[in-house]
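Given next are the chains, with one letter for each unit.
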Amino acid sequence: MAKNKIKQNVPTRYFTQKNRDKLEGALFGGGVLGMAAFILFYLLVYWYYSMIGLYLGGSCIIAYIAITSKKVKDDGYDAHVKEFIEKNKLAPTAKYSLSLYDAGRGYVKLCKDRKLRSSLYCISEFEFGRESFDLTLTEIDFCETGDGAPKVTKKQYSLPIGMPYTVEDFTVETAEGKKNMQYLVLAPEDGAPIKLPIDTTSCDSDEIISKIKGRR
């Protein structure tokens, strides 16, 4: 998804940084081997030859540090998202809620833990009554504005219990590979469909769907 002139804050660095895993692995391995050669040559052969291992190992380690020092890791991005939500008091307070990355929009990565992370984070809160339920949808786009500040959008809906809904699979294609995600799609009679990212393996998701159906 093309977005121009965006300030390089933590999220935009995370999604636009180059994947250099192979190079990082090679440099780290070279550093370990070089330092091991330095120790072995120093103890068993001749100290002069050990300087070769020290030079090669040290060069690899310095290059590895230079490449990785500005890299935003998966847990660093997660921590940034959590900190923003807590600082701005956006954490869900409803008894039933979903808090997930919307990997169908924005910048998306398939990470080392095989999880999808997106620049768009969605918090869906449900308050259920006897005949209807209230849905508060908070969307945070961490890469939306030109000044680097996240864009927060809130939408509120009042919907009937037993309303039509579907759970749809969506295939996300990234530079790192493909992975499926799911949406809970609510279909109000007098409005456009409402798509919420959902984790179908979660007990919370099962309970929310059961409540929408009207089962107690």
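See the structure printed just above.
What counts as what
- Residues numbered from 1 in each chain as written.
- Predicted model: local features only at pLDDT ≥ 70, side-chain atom pairs only at ≥ 80, totals over all residues.
- Heavy atoms only, no water.
- Pairing = 2+ DSSP bridges.
- Helix = DSSP H or I, 4+ residues; strand = E, 2+ residues; numbered from the N terminus.
- Axes fitted to C-alpha atoms, helices over the stretch in contact; angles between N-to-C directions.
- Contact = heavy atoms within 4.5 Å.
- Expected span 1.5 Å × (residues − 1).
- Buried < 20%, exposed > 50% of the residue type's maximum accessible area, 1.4 Å probe, protein only.
- Arc of directions from axis to C-beta.
- Core = buried A, V, L, I, M, F, W, Y, C linked by side-chain atoms within 4.5 Å.

A. Spotlight on the sheet that holds strand 8 (residues 177-186). On the basis of which strands lie adjacent, the open sheet formed by three strands has the order 7-8-9 and antiparallel pairing. Each end of this open sheet is capped by a strand with a single partner; those strands are strand 7 (165-174) and strand 9 (194-198). Neighbour-to-neighbour, the strand axes of this sheet turn through a mean angle of 35°, independent of strand direction. Across five bridges, strand 8 lies against strand 9 in antiparallel orientation. Following the sheet pairing, Y183 is matched in strand 9 by P197. Here helix 5 (residues 203-213) sits on the sheet and contacts strand 7, strand 8 and strand 9; the angle it forms with strand 7, its principal contact strand, is near 145°.

B. How the structure looks around the sheet that holds strand 6 (residues 151-160). Strand order across the open sheet formed by four strands is 1-4-5-6, with antiparallel pairing between neighbours. Where the open sheet ends on each side, the last strands, each with one partner, are strand 1 (96-101) and strand 6. Sheet twist, expressed as the average angle between the axes of neighbouring strands with direction ignored, equals 15°. Across nine bridges, the pairing between strand 4 (residues 120-128) and strand 5 (residues 132-141) is antiparallel. Within the sheet, the bridge partner assigned to E125 lies in strand 5 and is T136. With respect to the sheet, helix 5 is in contact with strand 1, strand 4 and strand 5, its orientation differing from that of strand 1 by roughly 125°.

C. Seen up close, helix 4 (residues 74-87). If you check helix 4, its first and last C-alpha atoms are 20 Å apart, about what 14 residues at 1.5 Å a residue would give, namely 20 Å. Within the span of helix 4, buried status applies to D74, Y77, V81, F84 and I85. Angularly, the buried residues of helix 4 cover 100° about the axis, an arc narrow enough to put them on a single face. Among the exposed residues of helix 4, those oriented more than 90 degrees off its buried face are D75, K82, E83, E86 and K87.

D. Local environment of the nonpolar core. Ranked by internal contacts, the top residues of the largest apolar core, which has 17 residues, are F126, F133, L135, L186, L196 and I212. Counting only elements with at least two residues in this core, the list comes to strand 1, strand 4, strand 5, strand 8, strand 9 and helix 5. Look past the residues within four positions of L135 in its chain and what remains in contact with it is S124, E125, F126, K155, Q156, Y157, L159, L186, I194 and L196. Grouped together as the second largest cluster of nonpolar side chains are 16 residues, V72, Y77, L90 and I123 included.

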